[in-house]
Amino acid sequence: MNSFLVMDDEDMNFIWDTIQKIQIIFHPEIAPCGEFDFNKFYEIKRKKSITLFVDRNILSGLLKFCEKGSLKDKGESQILGLVMTWAEMNDIAISAGLAVQERATQIQNQEEGLKELQKFLEIIDTYPGQTWLRIAEGQETEIVPMKFSGTTAKNITVDYSNGGDHYYMMVASMLHIVNLYRKRDLKPVDKIIDFLRWTYDNLLLSQYALVYAILLFTGQDNIKAPKGANTNDINRIISGCENQAWDISYLSKWSTLYWDKEEYTEEFMFATNDILLKRIFINTHEPNGVQGLLYEAFPKKDYNKICDYIEERKANRIKPDFGDDAQTYFEKLIREEKEELMKNLGNE
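None of the values given here were measured: they were computed from a predicted structure.

Observations concerning the overall build of the protein chain
In step 1: Of the regular secondary structure elements, the protein chain holds 15 helices and 4 strands.
In step 2: The C-alpha atoms of the protein chain give a radius of gyration of 21 Å, which matches the 20 Å a tight globule of 348 residues would have.
In step 3: Seen through its principal axes, the protein chain has C-alpha atoms that stretch 60 × 40 × 40 Å.
In step 4: A total of 348 residues make up the protein chain; the buried ones form 53% of that total.
In step 5: Once local pairs closer than 6 in sequence are excluded, the contacts in the protein chain between residues at least 24 apart make up 77%.
In step 6: Roughly 17300 Å² of accessible area belongs to the protein chain as shown, and the carbon and sulfur atoms make up 47% of that amount.

Okay, here's the thing in structure tokens:
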């Protein structure tokens, strides 16, 4: 940002207290539930620089806020101010790359992705930190609208129009989850075992996709199937699966960076105000992890059945061969799941 941020203790306490309260920034060790372990945070911060990824909702809100100068939802603009101020006061870089990639992939347009990235960079360079602090504290609800240059970001090697392996794996997974979700006569335990079987046979196991399946199949409060999953409109179902895939692939892509953290000189955190994403991440990274969720969500007999199946597959694990072109493999799997879905729709 383009100026020094001046804050007193009261300002800092307000930002930290509110960030803790709304649980919007996550990390598996520092903030697994969106509430910070300050000792771990400052210990990591001493050793590494930190980058904060933001999701699509945050980026979209930021772009709209800066273009229009205000938002109808004043709470949303205050959350944007909180995230921007928190990042600056802790000397943390914000990355919009994943959020840019989502839209650029949806419209299959690299140039538009680079234009959107440039808008984000111009926002970072234009608004002083003091402005974001006033927005965060509710002292102001409007900012001076920006006039974006309309140019594309330069020296970018990432192809934002391609969702990447994690996204395509998630699309296939969401389609299979919807196929199982629509089978009303199949018990939740059998749906989970089928999902595990299919995943072990075809993909790499994603804890986040598995947690979502557990939450969905066991009917946990406020956990929704992909949009359109309850309709017979194949296009709506596919679109809903693609959108849900993006949400979960945020976590999946990010996990490759914190999982092999010794390989990186940076530490990566993630900001989202999406309730479903929060619940998936929190349930994945609670002390007992996925196993703890299974124990809470299923009767003991079903829990044992699922755990036994997982152990059996682990003991005889043969990773699927994606070949020389992983995307072609994933696209074939996606076609197969779409065909299965259309066949099931025809039989209902």
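Once the structure has been displayed, the description carries forward.
Some words on helix 12 (residues 275-285)
For an α-helix the count is 3.6 residues per turn, leaving residues at separations of three or four pointing the same way.
In step 1: Of all 11 residues in helix 12, 9 are buried; the element is thus mostly enclosed.
In step 2: Every buried residue belonging to helix 12 is among Leu276, Leu277, Lys278, Ile280, Phe281, Ile282, Asn283, Thr284 and His285, and all of these are buried.
In step 3: Where helix 12 begins, one side-chain oxygen reaches toward the backbone nitrogen of Leu276, 3.1 Å away; that side chain belongs to Asp274.

Focus on the packing of helix 9 (residues 188-202) against helix 10 (residues 207-217)
In step 1: Contact geometry of helix 9 with helix 10 gives a least axis separation of 10 Å together with a crossing angle of 160°. The angle between helix 9 and helix 10 falls in the class roughly antiparallel. Here the hand of the crossing between helix 9 and helix 10 comes out right-handed. On the side of helix 9, the interface is formed by Pro188, Lys191, Ile192, Phe195 and Leu196, while helix 10 contributes Ala209, Leu210, Ala213, Ile214 and Phe217.

Considerations on the sheet that holds strand 3 (residues 93-95)
In step 1: As summarised here, the arrangement of the 4 strands in space is 1-4-2-3, forming an open sheet in which the pairing is mixed. What marks the edges here is a single partner per strand, and that holds for strand 1 (25-26) and strand 3.
In step 2: Bridge count between strand 2 (residues 49-54) and strand 3: 3 bridges; the pairing is parallel. Across the sheet, the residue bridging to Thr51 is Ala93, located in strand 3.

Some points on the pairing of strand 2
In step 1: Here strand 2 lies mainly inside the structure; 5 of its 6 residues are buried.
In step 2: Pairing geometry for strand 2 and strand 4 (residues 266-271), over 6 bridges, is parallel. Opposite Thr51, over in strand 4, you have Phe268 as the bridge partner.

Considerations on the pairing of strand 4
Every other side chain in a regular strand lies on the same face of the sheet, so the side chains alternate between the two faces.
In step 1: Burial runs high along strand 4: 5 of the 6 residues are buried.
In step 2: Sheet topology note: the strand 1/strand 4 ladder contains 2 bridges and is antiparallel. If you follow Phe26 over to strand 4, its bridge partner there is Phe270.

Quick word on a negative patch on the surface
In step 1: There is a patch of like negative charges on the surface, built from Asp165, Asp321, Asp324, Asp325 and Glu331.
In step 2: Turning to its location among the elements, Glu331 is positioned in helix 15 (residues 326-347).
In step 3: Residue class for Glu331 comes out partly exposed when judged on its relative accessible area of 32%.

Remarks on unusual backbone geometry
In step 1: Residues other than glycine seldom take positive phi values, yet Gln23 does so here, at roughly 50°.
In step 2: Exposure remark for Gln23: the relative accessible area of 25% places this residue in the partly exposed category.

A look at the environment of Leu277
In step 1: Structurally, Leu277 is set in helix 12.
In step 2: On the accessibility criterion, Leu277 (2% relative accessible area) is buried.
In step 3: It is 23 Å that separates the C-alpha atoms of Leu277 and Leu117, two residues lying 160 residues apart in sequence.
In step 4: In this structure, Leu277 is in contact with Asp55, Asp247, Ile248, Leu251, Phe270 and Thr272, ignoring residues within four places of it in sequence.

Topic: helix 1 (residues 9-22)
In step 1: Over its 14 residues, helix 1 extends 20 Å from the first C-alpha to the last, a length consistent with the 20 Å expected when each residue adds 1.5 Å.
In step 2: As for helix 1, its buried residues are in contact with strand 1, helix 2 (38-47), helix 4 (74-89) and helix 7 (129-136).
In step 3: One side-chain oxygen of the residue at the start of helix 1 lies 3.1 Å from the amide nitrogen of Glu10, identifying that residue as Asp8.
In step 4: A positive backbone phi angle near 50° is found at Gln23, which sits one or two residues after helix 1.

Some details on the nonpolar core
Across soluble globular proteins, you tend to see nonpolar side chains buried next to one another.
In step 1: Core analysis: the biggest nonpolar cluster contains 122 residues, and Phe36 and Trp86 have the highest contact counts within it.
In step 2: In this view, Trp86 contacts Ile15, Trp16, Ile19, Ile25, Phe36, Phe41, Leu52, Ile92 and Met269; residues no more than four positions away in its chain are not counted.

Brief notes about the packing of aromatic side chains
In step 1: Scanning all chains against the criterion turns up 25 aromatic pairs.
In step 2: Between Tyr295 and Tyr303, the ring centres sit 5.2 Å apart and the planes meet at 85°, which makes this aromatic pair edge-to-face.
In step 3: What links up through ring pairs into an aromatic cluster is the set Phe26, Tyr167, Tyr168, Tyr208, Trp246, Tyr250, Trp254, Phe270 and Phe281.
In step 4: The ring of Tyr181 has Arg184 lying over it, and the distance from NZ or CZ to the ring centre is 4.8 Å.

What counts, and at which threshold
Residues numbered from 1 in each chain as written. Predicted model: local features only at pLDDT ≥ 70, side-chain atom pairs only at ≥ 80, totals over all residues. Heavy atoms only, no water. Helix = DSSP H or I, 4+ residues; strand = E, 2+ residues; numbered from the N terminus. Rg over C-alpha atoms; globule rule 2.2 N^0.38 Å. Buried < 20%, exposed > 50% of the residue type's maximum accessible area, 1.4 Å probe, protein only. Contact = heavy atoms within 4.5 Å. Areas by Shrake-Rupley, 256 points an atom, 1.4 Å probe, with all protein chains shown as cover. Polar contact = N/O pair within 3.5 Å; in protein donor to acceptor, adjacent residues only side chain to side chain. Axes fitted to C-alpha atoms, helices over the stretch in contact; angles between N-to-C directions. Parallel < 35°, antiparallel > 145°, perpendicular 65-115°, else oblique. Left-handed = near helix turned anticlockwise from the far one by under 90°. Pairing = 2+ DSSP bridges. Patch = residues over 30% accessible without salt bridge, like charges linked within 9 Å, V, L, I, M, F, W, Y side chains within 5 Å. Salt bridge = Lys/Arg side-chain N within 4 Å of Asp/Glu carboxyl O. Lys, Arg positive; Asp, Glu negative; His and termini not counted. Charge placed at Lys NZ, Arg CZ, Asp CG, Glu CD. Expected span 1.5 Å × (residues − 1). Core = buried A, V, L, I, M, F, W, Y, C linked by side-chain atoms within 4.5 Å. Phe/Tyr/Trp six-rings, centres within 6.5 Å; stacked < 30°, edge-to-face > 60°. Lys NZ or Arg CZ within 6 Å of the ring centre and 35° of its normal.

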